[in-house]
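Close look at the chain arrangement
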Amino acid sequence: MNSIPAIDVRGLNRSFGGLRATANVSFSIQQGTVTALIGPNGAGKTTVFNLITNLFPADSGEVDFHGTRIDGLSPVEIAELGLIRTFQTARVFPGMTVLENLLVGRHHKVRQGLLQQMLWLPSAQREEASLRERAEALLDLVGLSRYRDTHAADLPMGAKKLVEVLRALMAQPSVLLLDEPAAGLNDTETAELAALLLAIRETGITILVVEHNMSLVMGIADQIVVLEAGAVIAEGTPDEIQRNPRVIRAYLGEEVSPC
Ligand SMILES: Nc1ncnc2c1ncn2[C@@H]1O[C@H](COP(=O)(O)OP(=O)(O)OP(=O)(O)O)[C@@H](O)[C@H]1O
């Protein structure tokens, strides 16, 4: 493929004290694909997310987003460009309803100026109405409409995780970074999540996902990047990764196959 990658990470290094959390990590993600970042606990996966979104800076290395350098931008600036992430523990606003949680996801993108919003002009009202429509359509898509007015705190874990993904979608990202979206989900919820992620990819959105659930990873990923002790030890299709002896060794006999 010769198109500009959605994300291009080059030589990312980050140490915490004496510990090298990422060691010269490089990989590229083509637009409109699903890439899974996998590896044993402590391999550096979340650190890579934190470096891409600049929650903390790398010691060295570069990150391009659609061909433009973003290392050095603030997390908010990066989000505004359309690179949106979720976190390992579902971060919903517990006191808000599900619908309100989704509307918050779009908040920073609302085109109307503050003054217009305060005065609640007709154009601002139209914008609010179309956001609500979009939020309701997303809830409908994943079968969560019944929870529309439920406080997020009262949701089952699976629904919370889906709400977090939907809230990220409300920001109309071109790239989604999902940190362990299937953690805590049962098999049915995981299957729903897989279907949602594939539907998101169908719309052209690029996905980078950190995930321990190998069935999910093998079922949805176009490309897999494997980290061990901070370094990339393998890259390839799910088939290639499952056969890679180094990957199998890194997992110390953990099940890598979806069967
Ligand atoms: N803010 C931090 N301060 C100190 N050490 C950190 C920090 N963030 C990560 N580390 C360390 O860096 C290493 C990589 O951690 P990271 O969370 O990126 O791994 P991971 O692959 O995401 O692990 P898991 O699958 O368990 O979530 C670990 O040894 C971790 O303890």
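Residues numbered from 1 in each chain as written. Predicted model: local features only at pLDDT ≥ 70, side-chain atom pairs only at ≥ 80, totals over all residues.

Per an unreviewed UniProt entry, the protein goes by ABC transporter ATP-binding protein and derives from Zoogloea oryzae.

What to know about the sheet that holds strand β9 (residues 223-228)
Defined as follows: Two strands are counted as paired when DSSP detects at least two bridges linking them. Numbering of helices and strands runs from the N terminus; a helix is a DSSP stretch of H or I covering at least four residues, while a strand is a stretch of E covering at least two. Fitted lines through C-alpha atoms give the axes, limited to the stretch in contact for helices. The angle between two N-to-C directions lies from 0 to 180 degrees. By definition, residues are in contact whenever their C-beta atoms, placed on the basis of the backbone, come within 7 Å of each other.
Spatial ordering of the open sheet is given by β6-β7-β8-β3-β9-β10, a layout of six strands whose pairing is mixed. Looking at the sheet topology across the chains shown, the edges are occupied by β6 (83-85) and β10 (231-236). The mean angle between the axes of side-by-side strands here comes to 15°, regardless of whether they run parallel or antiparallel. As paired strands, β9 and β10 are joined by five bridges and run antiparallel to one another. In the sheet register, V226 faces β10, and the bridge partner there is A234. Helix-sheet contacts for helix α1 (residues 45-52) involve β3 (34-38), β6, β7 (175-179), β8 (206-210) and β9, and the interaxial angle to β7 is about 145°. Lying on the sheet, helix α7 (residues 187-202) is in contact with β3, β7 and β8; it crosses β8 at an angle near 150°.

Points about the pairing of β8
We apply this condition: Our exposure labels follow a C-beta count within 10 Å of each residue's own C-beta, placed from the backbone: buried means 20 or more other C-beta atoms, exposed means 12 or fewer, and partly exposed covers the counts in between. If the strands point away from the viewer and the path from the first strand over the helix to the second runs clockwise, then the crossover is right-handed.
Judged by how many residues are buried, β8 sits mostly within the fold: five of five residues are covered. Where burial is concerned, the two faces of β8 agree: the one with T206, L208 and V210 and the one with I207 and V209 are both buried. Where β3 lies against β8, four bridges are found, and the strand directions are parallel. Its bridge partner being in β8, T35 is matched across the sheet by L208. Both β7 and β8 contribute to a ladder of five bridges, which runs parallel. Following the sheet pairing, V175 is matched in β8 by T206. Following the backbone out of β7, through α7 and into the adjacent parallel β8, one traces a crossover that is right-handed.

Description of the environment of G39
Looking at the element boundaries, G39 is found in the loop between β3 and α1. Through-space distance from the C-alpha of G39 to that of G236 is 14 Å; in sequence the pair is 197 residues apart. Here G39 is in contact with K45, V226, L227 and E228, once residues within four sequence places are set aside.

As for the sheet that holds strand β4 (residues 60-65)
For sheets, the rule is that strands pair by backbone hydrogen bonds, running either parallel or antiparallel. Spatially, β2-β1-β4-β5 is the arrangement adopted by the four strands of the open sheet, whose pairing is antiparallel. Edge positions in the sheet fall to β2 (19-29) and β5 (68-69), since each of these pairs with one other strand and no more. Two elements, strand β1 (residues 7-16) and β2, share seven bridges in a ladder whose sense is antiparallel. Bridged to D8 within β2 is S28.

Let's talk about the site of the ligand
Stated formally: Contact assignment follows one rule, namely that a residue is near a molecule or strand if its backbone-placed C-beta atom lies within 6 Å of it. Three classes are used: nonpolar for Ala, Val, Leu, Ile, Met, Phe, Trp, Tyr, Cys and Pro, charged for Asp, Glu, Lys and Arg, and polar for all others, with Gly counted as polar.
Surrounding the ligand, one finds F16, L19, A21, G39, N41, G42, A43, G44, K45, T46 and T47. Broken down by secondary-structure element, the contributors of at least two residues to the shell around the ligand are β2 and α1. Tallying contributions element by element places α1 first for the shell around the ligand, with three residues. Split into classes, the residues belonging to the shell around the ligand amount to four nonpolar, six polar and one charged.

Focus: the domain arrangement of the protein
Operational definition: Domain delimitation in this document rests on an assignment produced automatically or drawn from a domain database.
As assigned here, the protein comprises domain 1 (7-91 + 172-250) and domain 2 (93-154). For domain 1 versus domain 2, the distance between C-alpha centres works out to 28 Å.

Brief notes about the nonpolar core
Going by this rule: We call a set of buried Ala, Val, Leu, Ile, Met, Phe, Trp, Tyr and Cys residues a nonpolar core when their C-beta atoms link them within 7 Å.
Core analysis: the largest hydrophobic core is formed by 68 residues, its most contacted members being V98, L166, L176, I207, V217 and V226. A per-element tally of this core places helix α6 (residues 157-170) first, with eight residues. For this core, the two domains that each supply at least three residues are domain 1 (7-91 + 172-250) and domain 2 (93-154). Ignoring any residue separated from it by four or fewer positions in sequence, one finds V226 in contact with I38, G39, V232, I233, A234, I241, V247 and A250.

Considering α6
Test applied: To estimate the expected span of a helix, subtract one from its residue number and multiply by 1.5 Å.
Compared with the 20 Å implied by 1.5 Å per residue over 14 residues, the 20 Å span of α6 between its first and last C-alpha is a close match. Of all 14 residues in α6, 12 are buried; the element is thus mostly enclosed. One or two residues past the end of α6 sits Q172, with phi positive at roughly 50°.

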